[in-house]
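Per-entry structural report
Each chain, letter by letter, is given below.
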Amino acid sequence: MEQSDIFKNRNAVLITKHKKDEVIFPVLTQTAMNLNLLDTIDTDTFGTFTRDVDRKGTQLEAARYKALKAIEETGESLAIASEGSFGPHPTIFFAPANVELVLLIDTLNNIEIAGWEISTDTNFCHTEISDLEEAKDFAKKCGFPSHGMVVRPNDNSGLLFKGITSEEILEEAVAKSITASQNGKALMETDMRAMYNPKRMKVIEKATINLLNKIKSLCPACGWLGFEITEWINGLPCENCFFPTKGTAKHIYQCKKCNHQKEIQYPSGQKFSEPTFCDFCNP
Ligand SMILES: [Zn+2]
Ligand SMILES: [Zn+2]
């Protein structure tokens, strides 16, 4: 069976109230599914970046929860949900990273396919400010006003200004937060919700492209979709001493339907690793 047959003319529901459809739909029009938007469910109750609501579970669990919620609400069997996270990059020191996941769930065929993207192009940042000038400097550094800001007193008084994209509202939020704060300081951070963060939107778009590529990747044995890399094997030899390095020597693909496996040797196209990455030549 071809992948196009599985999704053809079926209604897929994207659950978001943060306008992620603007980047997800144009990519997924390349599949044969009908794309529908479900923007009436408050996904913020599942967790927010401003920590007023804690996220439940891992990034994958959170996306799965949203997708299944969309299926439950609409009675459809195909749903798409996205979930992002921000923090230190796993391999690049001192770099903040944005990891985006776009997940597709098909309960009719028992399919779950995850599109991922990791990017260091993020403005994810927070600071403490004591006056309007500091607030404006910080906002400018973060790409304000095309990127939204969040301001609150630096204690948990409950006051919270989100989605700030104008100088006027920024001034008001800073003044009110400083007045309400016990030590005259306010906390400021970047608003990481997709519609207030064009940088993040780009990463979500790339994660959707990753999802699309996995949908298009078919098992050579049975034709099932979502034939993807399940294992990365290290040990690419150093070009100087032939000692195995941490460089990827092969990718293992596995079919989720028939378990067929395929090995791709030298996936980067290089048969040797540079000595810079060798623990023997460059300890
Ligand atoms: Zn297969
Ligand atoms: Zn070496």
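What you see is a predicted model; the values in this text were computed from it and never measured. (Residues numbered from 1 in each chain as written. Chains lettered and ligands numbered in written order. Predicted model: local features only at pLDDT ≥ 70, side-chain atom pairs only at ≥ 80, totals over all residues.)

Considerations on the overall build of the chain
Test applied: Each helix is a run of DSSP H or I of at least 4 residues and each strand a run of E of at least 2, with the numbering of both proceeding from the N terminus.
If you tally the helices and strands in the chain, you get six helices and twelve strands. Each principal axis of the C-alpha distribution contributes one length, and for the chain these read about 65 × 60 × 30 Å.

Quick word on the packing of helix H4 (residues 132-141) against helix H5 (residues 167-180)
Counted only if it meets this: The axes are straight lines fitted to the C-alpha atoms, using for helices just the contacting stretch, and the angles between their N-to-C directions are given from 0 to 180°. Working definition: roughly parallel below 35 degrees, roughly antiparallel above 145 degrees, roughly perpendicular at 65 to 115 degrees, and oblique for all remaining angles. We call a crossing left-handed when the near helix sits turned anticlockwise from the far one by less than a right angle, and right-handed when that turn is clockwise. Any two residues are considered in contact once their C-beta atoms, placed from the backbone, lie within 7 Å. Classification used: nonpolar for Ala, Val, Leu, Ile, Met, Phe, Trp, Tyr, Cys and Pro, charged for Asp, Glu, Lys and Arg, polar for all others including Gly.
Where H4 contacts H5, the two axes come as close as 10 Å, and the packing angle between them is 130°. Between H4 and H5, the interaxial angle falls into the category oblique. Where H4 crosses over H5, the handedness of that crossing is right-handed. Along the contact surface, H4 presents Leu132, Ala135 and Ala139, while H5 presents Leu170, Glu171 and Val174. Counted by class, the contact of H4 with H5 contains five nonpolar, no polar and one charged residues.

Section: the sheet that holds strand S7 (residues 149-153)
Note the cut-off: Note: two strands are recorded as paired if DSSP finds a minimum of 2 bridges between them.
Judged by pairing direction, the sheet is antiparallel, and its four strands sit side by side in the order S6-S9-S7-S8 without closing on themselves. Single-partner strands in this sheet number two, and they are strand S6 (126-129) and strand S8 (161-164). Ignoring strand direction, the axes of neighbouring strands in this sheet form an average angle of 20°. Here S7 runs beside S8; their pairing, made up of two bridges, is antiparallel. Residue Val151 lies in a different strand from S8, and its bridge partner there is Phe161.

Focus: the environment of Thr248
Topologically, Thr248 is positioned in strand S11 (residues 248-254). Measuring from C-alpha to C-alpha, the distance between Thr248 and Ser268 comes to 7.8 Å, with 20 residues separating the pair along the chain. Sequence-distant contacts of Thr248, that is, excluding residues within four places in its chain, are made with Trp232, Ile233, Asn234, Leu236, Pro267 and Ser268.

What about the sheet that holds strand S1 (residues 11-15)?
Within the open sheet, the five strands sit side by side as S2-S1-S3-S4-S5. Their pairing is mixed. The sheet terminates laterally at strand S2 (34-38) and strand S5 (111-119), the two strands that pair on one side only. With strand direction ignored, the average angle separating the axes of adjacent strands in the sheet is 25°. Relative to strand S4 (residues 96-106), strand S3 (residues 78-88) runs antiparallel, the two being bridged by eleven bridges. What sits directly across from Gly87, in S4, is Ala97. Strand contacts of helix H2 (residues 21-28): S1, S2, S3 and S4, with the helix running at about 165° to S2, the strand carrying the most contacts.

Some details on the domain arrangement of the chain
Selection criterion: Residue ranges for the domains originate in an automatic or database domain assignment.
Entries for the chain in the domain assignment read domain 1 (3-122 + 196-216), domain 2 (126-191) and domain 3 (230-277). Centre-to-centre, using C-alpha coordinates, domain 2 lies 47 Å away from domain 3.

Looking at unusual backbone geometry
Here Phe144 and Pro145 are connected by a cis peptide whose omega angle stands at 10°. Its place among the elements puts Pro145 in the loop between H4 and S7. Positive phi, close to 60°, is recorded for Asn9, a residue that is not glycine. Mapped onto the elements, Asn9 comes out in the loop between helix H1 (3-7) and S1. Its identity as a non-glycine residue notwithstanding, Phe242 has a phi of 65°, on the positive side. Here Phe242 is to be found in the loop between strand S10 (228-234) and S11.

Here we look at the environment of Asn213
What counts, and what does not: Residues with at least 20 neighbouring C-beta atoms inside 10 Å of their own are called buried, those with 12 or fewer are called exposed, and the rest are partly exposed, where every C-beta is derived from the backbone.
Along the chain, Asn213 falls in helix H6 (residues 198-216). With 11 C-beta atoms packed within 10 Å, Asn213 lands in the exposed category. The spatial distance from the C-alpha of Asn213 to the C-alpha of Gly226 is 8.4 Å, given a sequence separation of 13 residues.

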